[in-house]
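So you can see what is in the structure, the chains are spelled out below.
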Amino acid sequence: QVQLVESGGGLVQAGGSLRLSCAASGRTFNRYVSGWFRQAPGKEREFVAAISRNGLMRDYADSVKGRFTVSRDNAKNMVYLQMNSLKPEDTALYYCVADERSWGAPNRERDFGSWGQGTQVTVSS
């Protein structure tokens, strides 16, 4: 439904910060709920964060709540994930996701129809 391209991944030490960016194509991005998933090697993909169309509603996985912040700028067709106090357990491939739906606090893979290619985040101890 929409093309998503993540950037900003890289290597960071434990306790550090990193901001991921997601660029969305199209003129109707404000119709899409968006968010982030992640997947570590050998593990299932897990929900990280979601944000409503207007950016007012946000939801986080318990494992990142208080450390990560999801935001969006519809005028720029951008979604962000600010990650603070990073832990080695945060090491994963991070995916930007989106779906043309109502909010409903989506947190399942099947809730999102559009996925980016992923950007790698590696946190060293």
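For clarity, every value in this text was computed on a predicted model and none was experimentally measured.

A. Spotlight on the overall build of the protein. Secondary structure summary: the protein contains 0 helices and 11 strands in total. Its helices and strands in sequence order give the protein the pattern β-β-β-β-β-β-β-β-β-β-β, from N to C terminus. With the C-alpha coordinates aligned to their principal axes, the bounding extent of the protein is approximately 40 × 25 × 25 Å. For the protein, contacts bridging at least 24 residues in sequence account for 60% of all contacts bridging at least 6. In the structure as shown, the protein presents an accessible area of about 6400 Å², 45% of it carried by carbon and sulfur atoms.

B. Here's a closer look at the packing of aromatic side chains. Per the counting criterion, the structure on display carries 4 aromatic pairs. Centroid distance phenylalanine 37 to phenylalanine 112: 5.7 Å. Interplanar angle 75 degrees. Geometry classified as edge-to-face. One end of the pair, phenylalanine 37, is in strand S4 (residues 33-39); the other, phenylalanine 112, is in the loop between strand S9 (92-99) and strand S10 (114-115), with 75 residues separating them in the sequence. For the pair phenylalanine 37 and phenylalanine 112, one class covers both residues: buried. Judged by centre distance (5.8 Å) and plane angle (70 degrees), the ring pair of tyrosine 95 and tryptophan 115 falls under edge-to-face. Taken together, the residues span a long stretch of sequence, with tyrosine 95 in strand S9 and tryptophan 115 in strand S10 at a distance of 20 residues. Judged by its relative accessible area of 24%, tryptophan 115 is partly exposed. Aromatic rings pair up to connect Phe37, Phe47, Tyr95, Phe112 and Trp115 into one cluster. A cation sits over an aromatic face here: arginine 45 above tyrosine 95, 4.3 Å from the ring centre.

C. Expanded view of the pattern of salt bridges. In total, this model carries 7 salt bridges according to the counting rule given. In this structure, arginine 38 engages aspartate 90 in a salt bridge whose closest nitrogen and oxygen atoms are separated by 2.9 Å. One end of the pair, arginine 38, is in strand S4; the other, aspartate 90, is in the loop between strand S8 (78-83) and S9, and 52 residues separate them in sequence. The exposure class of arginine 38 is buried, given its relative accessible area of 4%. As a salt-bridge pair, lysine 65 and aspartate 62 come within 3.9 Å of each other at their nearest N and O atoms. For the pair lysine 65 and aspartate 62, a shared accessibility class is recorded, and that class is exposed. Linked by salt bridges that have partners in common, Arg38, Glu46, Arg67 and Asp90 make up one network.

D. Expanded view of the nonpolar core. Core analysis: the largest hydrophobic core is formed by 36 residues, its most contacted members being Trp36, Leu81, Met83 and Tyr94. Not counting the four nearest positions on each side in its chain, tyrosine 94 is found in contact with Glu6, Leu20, Trp36, Phe37, Arg38, Val48, Phe68, Leu81, Met83, Gly118, Thr119 and Val121.

E. Seen up close, the side chain of arginine 72. Structurally, the position occupied by arginine 72 is in strand S7 (residues 68-73). One buried charged residue, arginine 72, remains without a salt bridge, the closest side chain of opposite sign being aspartate 73 at 8.2 Å. In terms of polar contacts, arginine 72 uses its side chain to reach the backbone carbonyl oxygen of phenylalanine 29, at 3.1 Å. There is a polar contact of 3.3 Å between the side chain of arginine 72 and the side chain of serine 34. Among all residues touching arginine 72, those that are not within four sequence positions of it are Phe29, Asn30, Tyr32, Val33, Ser34, Ile51, Ser52, Arg53, Gly55, Met78 and Val79.

Rules behind the numbers
Residues numbered from 1 in each chain as written. Predicted model: local features only at pLDDT ≥ 70, side-chain atom pairs only at ≥ 80, totals over all residues. Heavy atoms only, no water. Helix = DSSP H or I, 4+ residues; strand = E, 2+ residues; numbered from the N terminus. Contact = heavy atoms within 4.5 Å. Areas by Shrake-Rupley, 256 points an atom, 1.4 Å probe, with all protein chains shown as cover. Phe/Tyr/Trp six-rings, centres within 6.5 Å; stacked < 30°, edge-to-face > 60°. Buried < 20%, exposed > 50% of the residue type's maximum accessible area, 1.4 Å probe, protein only. Lys NZ or Arg CZ within 6 Å of the ring centre and 35° of its normal. Salt bridge = Lys/Arg side-chain N within 4 Å of Asp/Glu carboxyl O. Core = buried A, V, L, I, M, F, W, Y, C linked by side-chain atoms within 4.5 Å. Lys, Arg positive; Asp, Glu negative; His and termini not counted. Polar contact = N/O pair within 3.5 Å; in protein donor to acceptor, adjacent residues only side chain to side chain.

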